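# Close look at the chain arrangement
Here's the letter readout for the chains.
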Amino acid sequence: MSDDMNSIDLEAWIDRVAADPVAYRQRQAMEVVLHSVASLLPKYRLYLKGGLLMGLVHDSPRQTTDIDLTAGFDAEPGIGKRIADELKSAFRPIAAELGFTALTVDIHAIKPLPRGSFDTAQFPAVNIKVVHTVRVTNENRHPLYFDIEISFNEPLQQVQILRIADNRELYAYALVDLIAEKYRAVLQQIPRKRNRRQDIYDLHYLTAANEIDANGKGQILEVLQVKCRSREIEPARTSLANPEIRERSKARWETLEIELGEVPDFETCFEQAKAFYESLPWESD
């Protein structure tokens, strides 16, 4: 695994949405959670991924209010509650440390996934719903919520370290794993019968914004194959030519307006993501 270091200015990330009071408060609460996740190391190795990672490290304009994590340890009964309890105990002192004296962050609910079969599932997850309020003249403003989702048993090859304070670090997916997981999610739409329009946008953004050489493409393909085969999917150069992939990726594309403001052309994004995918060093038939 790689261990590249990046410094992340969370204060600047929060200030970008200062004109929107709701988004501003959400990001303050998310900063408290990110510092709390970092405080669990090394006991609980949790790796940041997904849309939030893209915003923090790759300057993606897509706004997300979820925190997606992969666990670097095995799932076991009660793990969700144990993690939630430790996060909860960290929220108040970290909020005070960050200067958010009127902000209260708490755990609202914990849900193991899939319901009823977490202990036997091959790829279990835990959803932790966070609630936060702001105290104003002894009254709390209406609560706001966002989700933390922790996935288990996810293959992970390359990671990076994000320095979020002088004495605090987060673990996160490196670019290779981030791109590979996004392509895996696109291909997995068919067996899971789900639509994921955000992944095509993210892949378009990542592959257009980063110069990835032949060695990098080889690493992405290798990680993609590991991730897909763990889910009993066999990726091929022609996989994105499947009309169902395009159809599912396009479903509700216009709803990206909520996260982006201005929705880019789907065909442009899809063709960029497809062209990069097909340029990976697949073995000749």
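Now for a description of the structure that goes with this document. Position numbers for residues count from 1 along each chain, tracking the sequence in the order it is written. Side-chain atom pairs in this predicted model are given and counted only at pLDDT of 80 or more, local residue features only at pLDDT of at least 70, and totals for whole chains, interfaces and linings cover all residues. Side-chain descriptors were evaluated using all non-hydrogen atoms of the structure, hydrogens and water having been removed beforehand.

### Digging into the overall build of the protein chain
How we decide: Only runs of H or I of at least four residues qualify as helices and only runs of E of at least two qualify as strands under DSSP, and these elements are numbered from the N terminus. With the radius of gyration taken over C-alpha atoms, the globule rule is written as 2.2 Å times the number of residues to the power 0.38. Partly exposed residues are those whose accessible area sits between 20% and 50% of the maximum for their type, while under 20% is buried and over 50% is exposed, using a 1.4 Å probe and protein chains only. In this analysis, two residues are considered to be in contact whenever any of their non-hydrogen atoms come within 4.5 Å of each other. Surface accessibility follows the Shrake-Rupley procedure with a 1.4 Å probe radius. Residue values consider only the protein chains on display as shielding.
Scanning the protein chain from terminus to terminus reveals 11 helices and 9 strands. Its C-alpha radius of gyration of 19 Å places the protein chain within 12% of the 19 Å reference for a compact globule of 285 residues. Residue burial in the protein chain is summarised as follows: out of 285 residues, 51% are buried. At a minimum sequence separation of 6, the contacts of the protein chain that also span at least 24 residues come to 70%. When the accessible surface of the protein chain is summed, it comes to about 14000 Å², and 46% of that surface belongs to carbon and sulfur atoms.

### So, the environment of serine 89
The topology assignment puts serine 89 in helix 4 (residues 79-97). Sequence separation between serine 89 and arginine 231 is 142 residues, and the spatial gap between their C-alpha atoms is 35 Å.

### Quick word on the packing of aromatic side chains
Under the convention used in this document: Each aromatic pair joins two rings of Phe, Tyr and Trp (for Trp, the six-membered one) with centres within 6.5 Å, and gets the label stacked for planes under 30 degrees apart, edge-to-face for over 60, and tilted for any other angle. Criterion for a charge above a ring: Arg CZ or Lys NZ at most 6 Å from the ring centre, at most 35 degrees from the ring normal.
Summed over all chains, the structure comprises 9 aromatic pairs. With 5.5 Å between their ring centres and 25° between their planes, tyrosine 47 and tyrosine 171 make a pair best called stacked. With a gap of 124 residues between them, tyrosine 47 in strand 2 (residues 46-49) and tyrosine 171 in strand 9 (residues 168-173) connect regions that are remote in the sequence. One exposure class covers both tyrosine 47 and tyrosine 171, and it is buried. Residues tryptophan 253 and phenylalanine 266 carry aromatic rings whose centres are separated by 5.0 Å and whose planes lie at 75° to one another, so their mutual orientation is edge-to-face. Here the residue tryptophan 253 occupies a position in the loop between helix 9 (243-250) and helix 10 (257-260), and phenylalanine 266 occupies one in helix 11 (residues 266-278), the gap between them amounting to 13 residues. Members of the aromatic cluster, joined through ring pairs, are Tyr44, Phe73, Phe118 and Phe152. Looking at arginine 231, its charged tip hangs above the ring of phenylalanine 123, at a distance of 3.8 Å from the centre.

### Observations regarding helix 5 (residues 175-187)
For clarity, the threshold we go by: For a helix, the expected span equals 1.5 Å multiplied by the residue count minus one.
Compared with an ideal rise of 1.5 Å per residue, which puts 13 residues at 18 Å, helix 5 spans 19 Å between its outermost C-alpha atoms and is within 8% of the ideal. The buried fraction of helix 5 is high, at 12 of 13 residues. Listed as buried for helix 5 are Val176, Asp177, Leu178, Ile179, Ala180, Glu181, Lys182, Tyr183, Arg184, Ala185, Val186 and Leu187.

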